[in-house]
Amino acid sequence: MSHSADGPHPHPLTPADLATGDHWFHGCPDCHLPIQGGAAGLAAHRSTVHTSAGDPRTEITIRL
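Residues numbered from 1 in each chain as written. Predicted model: local features only at pLDDT ≥ 70, side-chain atom pairs only at ≥ 80, totals over all residues. Heavy atoms only, no water.

### Describing the overall build of the chain
Okay, step 1: Counting its regular elements, the chain contains one helix and two strands.
Okay, step 2: When the elements of the chain are put in sequence order from the N terminus, they spell out β-β-α.
Okay, step 3: Per-residue burial for the chain yields a buried fraction of 16% across its 64 residues.
Okay, step 4: Element-wise, carbon and sulfur atoms account for 59% of the exposed surface of the chain, whose accessible area totals about 5400 Å². (Helix = DSSP H or I, 4+ residues; strand = E, 2+ residues; numbered from the N terminus. Buried < 20%, exposed > 50% of the residue type's maximum accessible area, 1.4 Å probe, protein only. Areas by Shrake-Rupley, 256 points an atom, 1.4 Å probe, with all protein chains shown as cover.)

### Re unusual backbone geometry
Okay, step 1: The residue His32 is not glycine, and still its phi comes out positive at about 65°.
Okay, step 2: Of note, His32 is situated in the loop between strand E1 (25–27) and strand E2 (34–36).
Okay, step 3: In this structure His32 comes out as exposed when scored by relative accessible area, which is 65%.

### Overview of the pattern of salt bridges
Okay, step 1: Under the counting rule described, the total for this entry stands at one salt bridge.
Okay, step 2: Among the salt bridges present, the one from Asp30 reaches Arg46, with a minimum N-O distance of 3.7 Å. Remark: Arg46 occurs in helix H1 (residues 38–48) and Asp30 occurs in the loop between E1 and E2; sequence separation between them is 16 residues. (Salt bridge = Lys/Arg side-chain N within 4 Å of Asp/Glu carboxyl O.)

### Here we look at the state of the cysteines
Okay, step 1: Scanning all chains against the criterion turns up zero disulfides.
Okay, step 2: Free cysteine Cys28: the closest other cysteine sulfur is in Cys31, separated by 3.7 Å. (Disulfide = S-S within 2.5 Å.)

### Topic: a nonpolar patch on the surface
Okay, step 1: A grouping of Ile60, Ile62 and Leu64 is seen on the molecular surface, where their side chains present a nonpolar patch of about 450 Å² in accessible area.
Okay, step 2: Topologically, Ile62 is positioned in the segment after H1.
Okay, step 3: Since its relative accessible area comes to 63%, Ile62 is described here as exposed. (Patch = residues over 30% accessible without salt bridge, like charges linked within 9 Å, V, L, I, M, F, W, Y side chains within 5 Å.)

In structure tokens:
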């Protein structure tokens, strides 16, 4: 069952919650994906994408 009728999921961190000098938006230095949420967002990205098990994303090739 979809929870989309419940409304948007609130982001746990807002730009105002960031530490002084932390940037809300930047790229991951390992895979260059855009990351939101400052250092906390980057830490969450690294703990889910860059694990010892490797990158869980599926690589695709699009031929044009």
